[in-house]
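Reading the structure
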Amino acid sequence: MRLHLLKHYWRMFISRIFWRALLGSLGSRSVIYKPMLIIGAHRIHIGQRSHIRDFARIEVIERKEVDWKPTLRIGNDVNIEQGVHIVCQCEVTIGDNVSITPFCAIVDTYHPHTPPDKGPKIGSRLPQERTHVRIGTGSFIGTHTVILPNVSIGRHCVIGAGSVVTSDIPDNSIAVGVPARVISTYKNSIDAWIRPEA
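Along each chain, residue indices are assigned from 1 in the same order as the chain's sequence is written. For this predicted model, a pLDDT threshold of at least 70 governs which residues receive local features, and a threshold of 80 or more governs which side-chain atom pairs are given and counted, while totals over whole chains, interfaces and linings are taken from all residues. In computing side-chain values, all of the structure's heavy atoms are included and hydrogens and water are not.

1. Examining the overall build of the protein chain
Keep this limit in mind: The helix count covers DSSP runs of H or I at least four residues long, the strand count covers runs of E at least two residues long, and both are numbered beginning at the N terminus. Based on C-alpha atoms, the radius of gyration is set beside the globule rule, defined as 2.2 Å times the residue count to the power 0.38. Residue exposure (1.4 Å probe, protein chains only): buried if accessible area is under 20% of the type maximum, exposed if over 50%, otherwise partly exposed. Pairs of residues are marked as contacts when any of their non-hydrogen atoms sit within 4.5 Å. Neither His nor the chain termini are counted; the positive set is Lys and Arg, and the negative set is Asp and Glu. Throughout, a charge is located at the NZ atom of Lys, the CZ atom of Arg, the CG atom of Asp or the CD atom of Glu.
Of regular secondary structure, the protein chain possesses one helix and 21 strands. Its C-alpha atoms give the protein chain a radius of gyration of 18 Å, near enough to 16 Å, the size a compact globule of 198 residues would have. Across the 198 residues of the protein chain, 42% fall into the buried class. Long-range pairs, those at least 24 residues apart, make up 29% of the contacts in the protein chain with a sequence separation of at least 6. Where the 24 positive side-chain charges of the protein chain centre and where its 16 negative ones centre are 8 Å apart.

2. Comments concerning unusual backbone geometry
Between Thr 114 and the following residue, Pro 115, the backbone shows a cis peptide bond with an omega angle of -5°. By the secondary structure assignment, Pro 115 is in the loop between β12 (105-107) and β13 (133-135). The phi angle at Phe 103 is positive, at roughly 65°, despite the residue not being glycine. Along the chain, Phe 103 turns up in the loop between β11 (99-100) and β12. For His 144, which is not glycine, the phi dihedral falls at a positive 65°.

3. What about the pairing of strand β9 (residues 85-88)?
Side-chain direction in a regular strand flips from residue to residue, so the side chains alternate between the two faces of the sheet. The test is simple: A pair of strands is labelled paired if DSSP reports no fewer than 2 bridges between them.
Both strand β6 (residues 57-60) and β9 contribute to a ladder of four bridges, which runs parallel. Considered in β9, the bridge of Arg 57 is made with His 85. The sheet contact formed by β9 and β12 spans three bridges and is parallel. For His 85, the partnering residue across the bridge sits in β12 and is Ala 105.

Below, the structure is given as structure tokens:
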């Protein structure tokens, strides 16, 4: 227990001294553990009391040929667990009190592949249009989930483990599967979860 606390306070110290100087902003009591990779740190803004765990890979890609500046915003009291991969070429916004569990991928970009046999390799191509990923306040993202470009996940949602989110998820919903589908929505008026009609 004592070793765990020492590690935590050491990483908090490193975050305040090292990462605060590199990031666009870093709120009080936020901690970045040993990352695998952080690119474009000056375009990343992190709120208060948020934790990014070991071996996260966070990439913000700036390009001269487009007319926008990419921004990754992480709210207050967010936990991003081990091995999470986030790629932002335009806009990724993670609201307050969000939990992103291990080995998730969140990407607001894709690789254009037309024509497939001309130009740079497909893996080096990036879109020439604005894209986004938005995760609403209080949502929970299950382990090994993939969130693809131009998706908005509402407030207080639960995304089941191993899901692939390809379209918007409304507030107060549970979504699972490949592609993710809403299987239940909470209705405040009756204080109950309701399954969508077939």
